[in-house]
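Each chain, letter by letter, is given below.
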Amino acid sequence: MSFLAKKSKEIEEKFFAKGKPLEKMYPLFDALDTFLLTPGKTTKAAPHVRDAVDIKRVMIFVVVALIPCIIMGIYNVGYQMLLAKGAEVSLMGAMGQGALKVLPIIIVTYAVGGMWEGLFAIVRKHEINEGFLVTGILFALTLPPTIPLWMVAVGISFGVVIGKEIFGGTGYNVLNPALTARAFVFFAYPAQMSGDAVWAAVDGFSRATPLAVVAGADRGSSAVEALTSAGYTFSDIALGFIPGSIGESSAVACLLGLIFLLVTRVASWRVIAGCVIGLFAMSFIFSLFQGSEALAFFSLPAHWHLVMGGFAFGAVFMATDPVSSAATNTGRWIYGILIGMLVVLIRVVNPAYPEGVMLAILFMNVFAPTIDHFVVQGNVKRRLARVQKA
Amino acid sequence: MSSFNIKRGKDIQLKGEARREYIDVLAPQRVAIQPPDFRGLKARVLVKEGEKVQRGSVVIEDKDIDGLNLLSPISGTVKAINRGAKRALLSIVIENDKSNDSRDFKKYSAADIKKLKRKDIVASLLEGGLWPTIRQRPFGKIASPQDKPKSIFVRAINTDPLAADTDFILNDQEKDFQAGLNILTNLTDGKVHLCIKDTANSAALTSAEGVEVHLFSGPHPAGNVGTHIHHVDPINKGDVVWYVEAQDVVRIAQLFSTGQYPNRCVVALTGEGAKDNVYAFTLQGASIKDLLSGTDFAGKRCLTGSVLSGRDVGADGFLGFYDSQITIVPEGGNREFLGWLVPGFKKYTLSHTYASAFLPEKPVSLDTDENGGHRAIVLNHLYDSYVALDVVTYFLLKAILAEDIDEAERLGILECDPEDFALCTFVCPSKVNVGSIIRQGLDIIEKEG
């Protein structure tokens, strides 16, 4: 036994074991202990050997997949600030400015979310689930950089408690907790969460996001022309040098995360493929109706939809949450395709709020069990058909 | 002849495969009868410690099925009657006196065997102690002699990690094997299905007559009887099918032709913890210490059966009644520093979260570490890729945990056995024992009748 393992056993027996003073705090000890050292428990029954992967590794891999989005997000927040101030943009300058804005948001999210997670683990006497590492960072990355920190705390509290814990914790929730938190702050504090002024962390500065530009363009005009005249190019939007939520603006960063998730097979490729197919299909359908009377959004080509707003981020990191998505393979295709279609539907025909990703995914989270129900009934029917054949 | 190519599943390649040579362990010091081998057995012990028994003496009778007996494989003295928690009977150990003093049963000529009636076969198998070789699905318990199974499956393929190669151990047994198949065909009005590996080439399997032969290929669980039943003649509510291991078919024939309790069997001694990985001719229920003399068992787990579906019997344990494999693997329990962070070139995973997943596959060393803490099920889509049955595993588990038995039956629980889900448990990152949830569901159904 290594030195650390010995020490940990000593501490456990002295303070956290049954009947010792800090017995109730065992989940906290367990979380720290198993963070440092693998649990080292052996199997009690067949199968006697097990795969090396565990939930800790899976969840941390999702966080690793988010690193490009985090770095790009920090840079872009700083970059947008410097642009707004009219200052000279340097890499270190932008990173520094961005970090000062973004890191407090991430820290508050983890501190408050982790507090709730720990509290529920203690009360329920179960292990702390690493899922909150993912929930916390996802929530932080969907926020505008100008959000007051107390709002971050309220939002993540709502997401963790109402979105997850009241259902029984990770694995039992119906909605994606990060999106639940995001939706809560969006509807509770619309002034701080929407409009053109919240995306760059400089007072008095406002610039419409690409989605807002298209939503505000005249009927019958071309969406791409509207974007171009507002100073947006396709590559700026795809790379993410545009105002927007901290981590969502760069489709390229999401793509890097996607590659990592697919190579390590942590995320369901069916959901993501479904989202993209749905998005292309729906924007094709809408493009058939573009014309002088139609909203400018009808004319926005699919590949612009793909990189704009939170679609890439939502499809890669939110829709793929295995707990709140459909759980059958066929179901995942349907779930993904419908998310893609809903995103475009909301963007194009709902002028009040041009970003449809959050609501599309939450809506499909609610419908995922229904989709699964029909897929499972298909399995039951196959079974019944067998009896009748025999 | 029909073929089935199983696509869902995985062959875990472990170190310690038995090489194709035989050693003789035909006079083990001790053998044991282990009631936990027999699901559903309500054992009443008929011997006392120190009592002399013959080869073929009744040691245990079942309280429920009239005439169902477990016999002593050897002549000798009852050395110990071991009990565990709640006085559950664990094993009856018999010390070998090597005299081969044997109880006689009725003997049949080859011509007579072909003409046997069901009633006589049942009576002889019960009396001769080989009735327990016939098990049933659902529930995986000893068959009831009154039941009329819709078919009988003979399993002559085993795809468990390091499993004994049925094709190899049936070499030169074609006569007895065929005679055993004939007896089984007289036992049912339905068909007898012989399930073999597509590459099988021993005469016993390739020239079997009077039965339906099915070729199975693909990864584990292609060799599980649950897989065979599901694809060949699936069970619906109210159905019963029986199944027998190939080696036991040979033994059934020997009971009729020799008039003595057939106690010989072949076992593969596997796993990197064993001193030598080889096949052994031995006696049913032989002790692990006899089979693996010279092996250092410290820090190792001794399994009868495979790492996926075997039972931990300890170094003082014995070969299980239905098993043709002993596996010795190192115990785990090492705590690794920041284990979630390491690249893992030497980790074994079917996920792609360790570097080893991108290296060419070769036999690996696995210990009994769970490799993670218990969590709620998160990656619910993994299971179905490792079950060879057309079931929606995650929803079946949810139905069982909610004790919604009607739904579980609709989702096919009656076709399921824990061993069919061993790979699901293996891959589950939440370390959920899928098989034990399936067992929980089957137990409820059995209890409620």
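Residues numbered from 1 in each chain as written. Chains lettered and ligands numbered in written order. Predicted model: local features only at pLDDT ≥ 70, side-chain atom pairs only at ≥ 80, totals over all residues. Heavy atoms only, no water.

### Some thoughts on the overall build of chain B
Condition: The numbering of helices and of strands both runs from the N terminus, where a helix is a DSSP run of H or I of at least 4 residues and a strand a run of E of at least 2. Atoms counted for the radius of gyration: C-alpha only. Globule rule: 2.2 Å times the number of residues to the power 0.38. Here, two residues are considered to be in contact whenever any of their heavy atoms come within 4.5 Å of each other. In these tables, accessible area is a Shrake-Rupley quantity obtained with a 1.4 Å probe, and a residue counts as shielded only by the protein chains included in the view. Note that His is not counted, nor are the chain ends; the positive residues are Lys and Arg, and the negative ones are Asp and Glu. Lys charges are placed at NZ, Arg charges at CZ, Asp charges at CG and Glu charges at CD.
Each helix and strand in chain B was counted, giving 12 helices and 20 strands. The C-alpha atoms of chain B give 22 Å as radius of gyration, which agrees with the globular expectation for 449 residues (22 Å, within 12%). Principal-axis analysis of the C-alpha atoms gives chain B an extent of 65 × 50 × 45 Å. The contacts in chain B between residues at least 6 apart in sequence include a share of 70% that link residues at least 24 apart. Summing over all exposed atoms, chain B offers an accessible surface of approximately 17500 Å²; the carbon and sulfur share of this is 47%. A distance of 2 Å separates the average location of the 54 positive side-chain charges in chain B from that of its 60 negative side-chain charges.

### Some details on the sheet that holds strand S11 (residues 141-142) of chain B
Residue and element names in this part refer to chain B. For clarity, the cut-off: Between any two strands, at least two bridges found by DSSP are needed for them to pair.
Here 7 strands make up an open sheet; going across it, the order is S1-S14-S13-S12-S15-S10-S11 and the pairing mixed. Both outer strands of the open sheet, strand S1 (2-5) and S11, are each paired with one neighbouring strand and no more. Bridge count between strand S10 (residues 135-137) and strand S15 (residues 241-245): 3 bridges; the pairing is antiparallel. Across the sheet, the residue bridging to Arg 137 is Val 241, located in S15.

### Quick word on the state of the cysteines
Residues and elements named next belong to chain B. Counted only if it meets this: Any two cysteine sulfur atoms within 2.5 Å of one another count as a disulfide. Burial classes: relative accessible area under 20% of the type maximum marks a residue as buried, over 50% as exposed, and values in between as partly exposed (1.4 Å probe, protein chains only).
On inspection of all chains with the given rule, the structure shows 0 disulfides over all chains. You can see Cys 265 has no disulfide; the closest cysteine sulfur is in Cys 302, sitting 17 Å from it. When its relative accessible area of 1% is taken as the criterion, Cys 302 is described as buried.

### Some points on the domain arrangement of chain A
All names here are of chain A. Rule in force here: Residue ranges for the domains originate in an automatic or database domain assignment. By convention, the term buried area covers the 1.4 Å-probe accessible surface removed from two parts as they join, with the contributions of both added.
Taken as a whole, chain A is organised into domain 1 (55-196) and domain 2 (211-376). On a C-alpha basis, the centres of domain 1 and domain 2 stand 20 Å from each other. Across the boundary between the two partners, domain 1 contributes 39 residues, which contact 34 residues of domain 2. Summed over both partners, the interface of domain 1 with domain 2 comes to about 2900 Å²; 77% of that surface belongs to carbon and sulfur atoms.

### Some remarks on the environment of Phe187(A)
Tracing the chain through its elements places Phe187(A) in helix H8 (residues 177-188). You can call Phe187(A) exposed: its relative accessible area is 54%.

### Re the sheet that holds strand S7 (residues 69-71) of chain B
All names here are of chain B. We apply this condition: Here, axes are lines fitted to C-alpha atoms. For helices the fit covers the stretch in contact, and angles between N-to-C directions go from 0 to 180 degrees.
Reading across from one edge, S4-S6-S7 is the order of the 3 strands in this open sheet, with antiparallel pairing throughout. Pairing within the sheet leaves two strands with one partner each, and these edge strands are strand S4 (43-45) and S7. Taken over all neighbouring pairs, the strand axes of this sheet differ in orientation by 25° on average, direction set aside. The pairing of strand S6 (residues 58-62) with S7 spans 3 bridges and is classified as antiparallel. Residue Val 58 lies in a different strand from S7, and its bridge partner there is Leu 71.

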